[in-house]
Amino acid sequence: MEYILIIISAVFVNNILLSQFLGICPFLGVSGKVSTAAGMSGAVTFVITLATLVTYLLQYYVLVPLGVEYLQTIAFILVIAALVQMVEIVLKKVSPSLYSALGIFLPLITTNCAVLGVALTVVTKEFTFGAESHMLNLGQSIVYALATSAGFALAMVLFAGLREALALNNVPKLFKGVPIALLTASILAMAFMGFSGLV
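Residues numbered from 1 in each chain as written. Predicted model: local features only at pLDDT ≥ 70, side-chain atom pairs only at ≥ 80, totals over all residues. Heavy atoms only, no water.

### As for the overall build of the protein
Item 1. Each helix and strand in the protein was counted, giving eight helices and zero strands.
Item 2. Its helices and strands taken in sequence order, the protein reads α-α-α-α-α-α-α-α from the N to the C terminus.
Item 3. Relative to its length of 199 residues, the protein is compact, with a C-alpha radius of gyration of 18 Å against a globular reference of 16 Å.
Item 4. Expressed as lengths along the three principal axes of its C-alpha atoms, the size of the protein is roughly 60 × 45 × 25 Å.
Item 5. When each of the 199 residues of the protein is scored for burial, the buried share is 40%. (Helix = DSSP H or I, 4+ residues; strand = E, 2+ residues; numbered from the N terminus. Rg over C-alpha atoms; globule rule 2.2 N^0.38 Å. Buried < 20%, exposed > 50% of the residue type's maximum accessible area, 1.4 Å probe, protein only.)

### Considering the packing of helix H3 (residues 34–66) against helix H4 (residues 72–94)
Item 1. The N-to-C vectors of H3 and H4 enclose an angle of 140°; their axes lie 9 Å apart at closest approach. Between H3 and H4 lies a crossing of right-handed hand. In this structure, H3 uses Ala43, Phe46, Val47, Leu50, Ala51, Val54, Thr55, Leu58, Gln59 and Leu63 to contact H4, whose residues at the interface are Gln72, Ala75, Phe76, Val79, Ile80, Leu83, Val84, Met86 and Val87.
Item 2. Looking at side-chain class alone, the contact of H3 with H4 contains 16 nonpolar, three polar and no charged residues. (Axes fitted to C-alpha atoms, helices over the stretch in contact; angles between N-to-C directions. Left-handed = near helix turned anticlockwise from the far one by under 90°. Contact = heavy atoms within 4.5 Å. Nonpolar A, V, L, I, M, F, W, Y, C, P; charged D, E, K, R; others polar.)

### Brief notes about the environment of Ile77
Item 1. With respect to the helices, strands and loops of the structure, Ile77 is situated in helix H4.
Item 2. Measuring from C-alpha to C-alpha, the distance between Ile77 and Val115 comes to 9.3 Å, with 38 residues separating the pair along the chain.

### Notes on unusual backbone geometry
Item 1. A positive phi angle, close to 60°, is found at Phe21, a residue other than glycine.
Item 2. Looking at where Phe21 falls in the secondary structure, it is placed in the loop between helix H1 (2–13) and helix H2 (24–29).

### Digging into the nonpolar core
Item 1. Of all hydrophobic cores here, the largest spans 49 residues; its most connected members are Leu17, Leu18, Phe27, Ile109 and Met156.
Item 2. Mapped by element, the contributors of at least two residues to this core are H1, H3, H4, helix H6 (113–124), helix H7 (134–167) and helix H8 (178–192).
Item 3. In contact with Phe27, other than residues within four places in its own chain, are Leu17, Leu18, Ala155, Met156, Phe159 and Ala185. (Core = buried A, V, L, I, M, F, W, Y, C linked by side-chain atoms within 4.5 Å.)

### So, H6
Item 1. Under the 1.5 Å per step criterion, the end-to-end length of H6 is 16 Å for twelve residues, consistent within 8% with the ideal 16 Å.
Item 2. With a side-chain oxygen positioned 2.9 Å from the backbone nitrogen of Ala114, the residue opening H6 is Asn112. (Expected span 1.5 Å × (residues − 1). Polar contact = N/O pair within 3.5 Å; in protein donor to acceptor, adjacent residues only side chain to side chain.)

### Here we look at the confidence of the model for the protein
Item 1. Taken as a whole, the protein shows an average pLDDT of 85; of its residues, 92% reach a score of 70 or greater.
Item 2. Confidence, expressed as mean pLDDT per element, reaches its minimum in the protein at helix H5 (residues 96–102) with 77 and its maximum at H8 with 90.
Item 3. Of the regions scoring below 50 in pLDDT, residues 128–136 engages in ten contacts with residues more than four places distant in sequence or in other chains. (pLDDT = per-residue confidence, 0-100.)

### Thoughts on the packing of aromatic side chains
What describes a pair of aromatic rings is the distance from one ring centre to the other and the angle between the planes of the rings.
Item 1. Inspection of every chain in the model, using the stated rule, returns four aromatic pairs.
Item 2. Judged by centre distance (4.3 Å) and plane angle (20°), the rings of Phe27 and Phe159 are stacked. You can see Phe27 sitting in helix H2 and its partner Phe159 sitting in helix H7, a full 132 residues away along the chain. A single burial state applies to Phe27 and to Phe159, both of which are buried.
Item 3. For the pair Tyr56 and Tyr60, a centre-to-centre distance of 4.7 Å together with 55° between the ring planes defines the contact as tilted. Of this pair, Tyr56 and Tyr60 both sit in helix H3, four residues apart, which is roughly one turn of the helix. (Phe/Tyr/Trp six-rings, centres within 6.5 Å; stacked < 30°, edge-to-face > 60°.)

Encoded structure:
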């Protein structure tokens, strides 16, 4: 039951983009096409999940035993930067079209606050309802990371679909481009507020 609550909360109630406002740069920058938004979501999902796993292990098996928890943010940023470089190399070889479509936004995953935000949330948030081992917490943390990534992907693809539909409509000249995108994002965020009492 705990896992279901974590999933529903991370995807709908506390959506990382629409409720916590983390990861807004790719949300506005890469959401012009559904295909690009889906590709970016896949890359972010991979990085968030892997970064959560590595930073959790780093926190509880290196930083805490050594008593250097104050290095947490710097260590997490270094881990995320290394993982993004790995994703960039893999995408360049596996899918050159997606690599070129993402362009400058792929290296920006390194500074995407959503990735660091999830990694920090996992080591500070209590998922357990009692005294349980770290390994169970690790499982819950991975589920949280995957669910948060799914919420990121859902918001990105929905927003990209709305922006594609808006491109076909007659939008007043004053609202074309960024203004209509921001208005659409705010309406989408209000729609997700309807899930606030769910969990």
